[in-house]
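Summary of structural features
Read off the chains here:
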2 protein chains.
Amino acid sequence: MAQVYFKTKPDGRAVFDYYYRSNPFNGGYAIFAGLEDVLDILETLEFSASDLVFLEQQGFEKEFLEYLRDFRFNGNIRSSKEGDVVFPNRPILQVEANIIEAQIIETMLLNLLNFQTLIATKANRVRRSAKEATLLDMGLRRAHATGGYYASRAAVIGGFDGTSNVKAGEDFNIPVSGTMAHSFIQSYGDELQAFRDFAKVRPKNCVLLIDTYNTLRSGLQNAIIVAKEMENAGEQLMGVRLDSGDLAYLAKQTRKILDDANLGYVKIVASNQLDEFVIKSLKDQGAPIDIFGVGTNLVTGKPDAALGGVYKLSEFNGDPRIKLSENIIKVSLPYKKQVYRMLDKQGMFYGADAVAMFTEDAVEHMEHPFDATKSMSLRGFDYEALLQDVMTSGKKVSPPRTVTEIAEYSKSRLEKLPEEYKRFQNPHIYKIGLSSQLKQERDKLVLKHKF
Amino acid sequence: MAQVYFKTKPDGRAVFDYYYRSNPFNGGYAIFAGLEDVLDILETLEFSASDLVFLEQQGFEKEFLEYLRDFRFNGNIRSSKEGDVVFPNRPILQVEANIIEAQIIETMLLNLLNFQTLIATKANRVRRSAKEATLLDMGLRRAHATGGYYASRAAVIGGFDGTSNVKAGEDFNIPVSGTMAHSFIQSYGDELQAFRDFAKVRPKNCVLLIDTYNTLRSGLQNAIIVAKEMENAGEQLMGVRLDSGDLAYLAKQTRKILDDANLGYVKIVASNQLDEFVIKSLKDQGAPIDIFGVGTNLVTGKPDAALGGVYKLSEFNGDPRIKLSENIIKVSLPYKKQVYRMLDKQGMFYGADAVAMFTEDAVEHMEHPFDATKSMSLRGFDYEALLQDVMTSGKKVSPPRTVTEIAEYSKSRLEKLPEEYKRFQNPHIYKIGLSSQLKQERDKLVLKHKF
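Residues numbered from 1 in each chain as written. Chains lettered and ligands numbered in written order. Predicted model: local features only at pLDDT ≥ 70, side-chain atom pairs only at ≥ 80, totals over all residues. Heavy atoms only, no water.

**Side note on the UniProt feature "domain: Nicotinate phosphoribosyltransferase C-terminal" (unreviewed entry) in chain A**
UniProt tags residues 336-440 of chain A as "domain: Nicotinate phosphoribosyltransferase C-terminal" (unreviewed entry). With 17% helix and 36% strand, residues 336-440 of chain A has its two end C-alpha atoms placed 15 Å apart. (UniProt positions renumbered as here; feature names shortened; annotations may be inferred. Helix = DSSP H or I, 4+ residues; strand = E, 2+ residues; numbered from the N terminus.)

So, in structure tokens, the structure goes:
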């Protein structure tokens, strides 16, 4: 496609919208993540000499390859802030660029935003279940190869406290946290000696895995012996970890036995196929678990496994563009746009985002995208314009943000979203409306292309 | 763990088994993939200066950091061949190494083998449904960030013909195949002109996407006009692509209309949320689709999203090691081992792999791992020893294999697996047995650690 554009309309100017069509996990919202990575890549994106050799072998023409040799992304990006709460069927990000450039970046942009938004959302659901408990990402061994690197980043944006992924910790400045494996205890054969050696070498933040042979009769008893020895040495055992069996039962028993041994400060860590529903159930049962290690279900975004975000052309050389579908919800929105979020008197999200043409001054009314009987007055509401310049002519114009800053921002945004939109079962549906002008323009285009 | 080993048993020699516990996708087998990548990484694995600085900040001790500065993997690996058909609860690969080295590589090894084995297996299921049709991986936009790179590799091992992932194509020498997006047609507004330009610039392997406005009344009609114009120019339109609507109905109508226009050579390409079940249904309905583009469900390994492969210590300094569990199927197998695959008189897989201690000479009998009433004589069977040396003292000893070679090998192995094991619904269960000696040794260890 890029080569065809290069030959037929090299100066075409395009606007593309990034958005998704339904919330992941049957939930009521998503957490937008991946933006900083996309912007960083766009600032440095180029084709290497070996890339160009390969593309030449694929039959691309010399003139086009010369264009690619000097390729840089010079476009503009307006976007929701990374970490914001977002909803379906409204632009989260818009790219405005030469159409060749806008086309070449499509897959990278979709790949990073779809995945990190999925995982940040999953992480946030787990955070909601876990309430104040500490959450550790332990998923790298089951992650999708190198994609696990970005899963660890997105998990923190969604509310996790740390990761076992050391490289992600290093690069994204995320707290890292080690785990003890069963093999460590097996290598000793003698569980007590394994615990003693571990506590001696790493007394700080020491967590002992107690289910290798028998949780309550062996692992916990040996952990208590080591905890007492640590006390004599002026140290404190941080925790014991449960990784199999009935976690609710074992956590309660473990808590009681630890407390009876005057080890009330020793924390209980739990892992093993956890997700937001298992953690909610453990909480509902009163399982006294202080730290949850979440792996596979977090980093793979199970059960969804993907967010179906799309990248649709909405304007070309100033003219509106539309993609039709037999499924009306899949009809795209034309024109460069802005999205306004309505706020109530307390500054909470009112539950309505209005999508308008970028050129519109004031939006006093929003209409249901398809149901002509539904509309809503926006008069008197405070509002925020959500799409802001983050890249102009290929250069970042928003200050760089750390993962921790993005996570804090996300938390503050979620606090503004009423609880009804956040529940797992049949969450309240956040309204997305169109300005009357945008709706009219869209409907005109639909008619124009109708068969 | 590595630092504790370094301080307490720096010369410990470990054997770890890689295996998984149940077949992905409720199927009867898996395709082992990812080995060459693991071996390549192991040959060059080291800690960078910045890694060491970060680890120092994490509180690791100076002596241990000095060890890491010179770290190389010097161990031995015995493995099934990449691309082979494998089954649960038997070692697929064994690592024999200094325990610090064996520990440090664990996550990388699990990450790459779990993911690629998952995707190669998924791809093979799609290949089984698609029969002789061409299969293209189009999943990168929904893949788990950079993990999509390895998904494209594994897809070819499982039976795919090509990918839209250009970087994977370049690095793994996989055929690459472009796609036309709806935005291309939208940018023109005029669908016919878009098709004409595309065919003019890229007449070779030209596939036109015909569902942007209306598949049969607009897209197909314009494609036919362009196909005829290409004929006049001495070219041939390769295909038309359906990406929405009822693919069975549209494919049949499209075929008929193309044939009526004397365009019997124009192929039909279909995409849109395909997986092995949708493709099987399309085939069962007689949908005349020549090429399937498969995306999200392939590269995310939906619905499983992960293979739960594990890495368990089975021997330490020559002594057997075991991990117990309340769930008997999760009890690990001690000792360095070999796996023997039984063959019938025609050289087909008989449906039984026997796991034995590495030191055993002849295995004439295999027993059910848990059911004492079940056993089977192995006398008179031909067999293969599946675990072969692939790395010795940190150096690859098996000749490097291209992805294409691995894919061909995989195909040849699947041809030896009877159909009953390959069906989607309630596949026949491939037997995994233990030699009498291994079973006795395991049971002895279980009793020793019993509480």
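From this point on, the discussion continues.
**So, the environment of F6(A)**
Residue and element names in this part refer to chain A. Within the secondary structure, F6 sits in helix 1 (residues 2-8). Each C-alpha atom of the pair F6 and V156 lies 41 Å from the other, and the pair is 150 residues apart in sequence. Leaving out residues up to four positions away in the same chain, F6 has contacts with E63, F64, Y67 and I100. (Contact = heavy atoms within 4.5 Å.)

**A short note on the pattern of salt bridges**
Throughout the structure, instances matching the rule amount to 66 salt bridges over all chains. Two residues, D443(A) and R442(A), come together in a salt bridge whose shortest N-O distance is 3.0 Å. For E46(B), the salt bridge is made with R72(B), and the minimal N-O distance between the two is 2.8 Å. You can see E46(B) sitting in the loop between helix 2 (35-44) and helix 3 (49-57) and its partner R72(B) sitting in the loop between helix 4 (62-69) and strand 3 (76-79), a full 26 residues away along the chain. In this structure E46(B) comes out as partly exposed when scored by relative accessible area, which is 45%. (Salt bridge = Lys/Arg side-chain N within 4 Å of Asp/Glu carboxyl O. Buried < 20%, exposed > 50% of the residue type's maximum accessible area, 1.4 Å probe, protein only.)

**Comments concerning the packing of helix 11 (residues 215-232) of chain A against helix 12 (residues 247-260) of chain A**
Two numbers describe a pair of packed helices, the interaxial angle and the distance between the axes. Residue and element names in this part refer to chain A. Contact geometry for helix 11 and helix 12: axes closest at 11 Å, N-to-C directions at 40°. Between helix 11 and helix 12, the angle is such that the two are oblique. Note on packing geometry: the crossing formed by helix 11 with helix 12 is right-handed. Packed against helix 11, whose contacting residues are T215, L216, L220, Q221 and I224, the element helix 12 presents Y249, L250, Q253, T254, I257 and L258 at the interface. (Axes fitted to C-alpha atoms, helices over the stretch in contact; angles between N-to-C directions. Parallel < 35°, antiparallel > 145°, perpendicular 65-115°, else oblique. Left-handed = near helix turned anticlockwise from the far one by under 90°.)

**A closer look at the interface of chain A and chain B**
Every contact between the two is made by 82 residues of chain A and, on the other side, 82 residues of chain B. In total, about 6900 Å² of surface goes out of reach between chain A and chain B, with carbon and sulfur atoms giving 58% of it. Counting the surface chain A buries against chain B, the share from its top three residues, R141(A), H144(A) and F451(A), is 11%. Where chain A meets chain B, there are four salt bridges. Between R141(A) and E106(B) there is a salt bridge, with its nearest N and O atoms 3.0 Å apart. At the junction of chain A and chain B, the tally comes to 30 residue pairs in polar contact (both at pLDDT 80 or more). Sort the elements by how many residues they give to the side of chain A that touches chain B and helix 6 (residues 106-130) of chain A lands first, with eight residues. Residues that form the side of chain A that touches chain B fall into these classes: 36 nonpolar, 28 polar and 18 charged. (Buried area = accessible area lost by both parts, 1.4 Å probe. Polar contact = N/O pair within 3.5 Å; in protein donor to acceptor, adjacent residues only side chain to side chain. Nonpolar A, V, L, I, M, F, W, Y, C, P; charged D, E, K, R; others polar.)

**Notes on the side chain of N98(B)**
Residue and element names in this part refer to chain B. Along the polypeptide, N98 turns up in strand 5 (residues 93-98). Taking the relative accessible area as the measure of exposure, N98 reaches 14% and is therefore buried. There is a polar contact of 2.6 Å between the side chain of N98 and the backbone oxygen of P10. Apart from residues no more than four positions distant in its own chain, N98 is found in contact with P10, D11, G12, R13 and Y67.

**Focus: a nonpolar patch on the surface**
Residues and elements named next belong to chain A. On the surface, a cluster of nonpolar side chains totalling about 240 Å² of accessible area is made up of I328, I329 and F370. With respect to the secondary-structure elements, I329 resides in the loop between strand 13 (319-320) and strand 14 (337-343). Given the relative accessible area of 37%, I329 is considered partly exposed. (Patch = residues over 30% accessible without salt bridge, like charges linked within 9 Å, V, L, I, M, F, W, Y side chains within 5 Å. Areas by Shrake-Rupley, 256 points an atom, 1.4 Å probe, with all protein chains shown as cover.)

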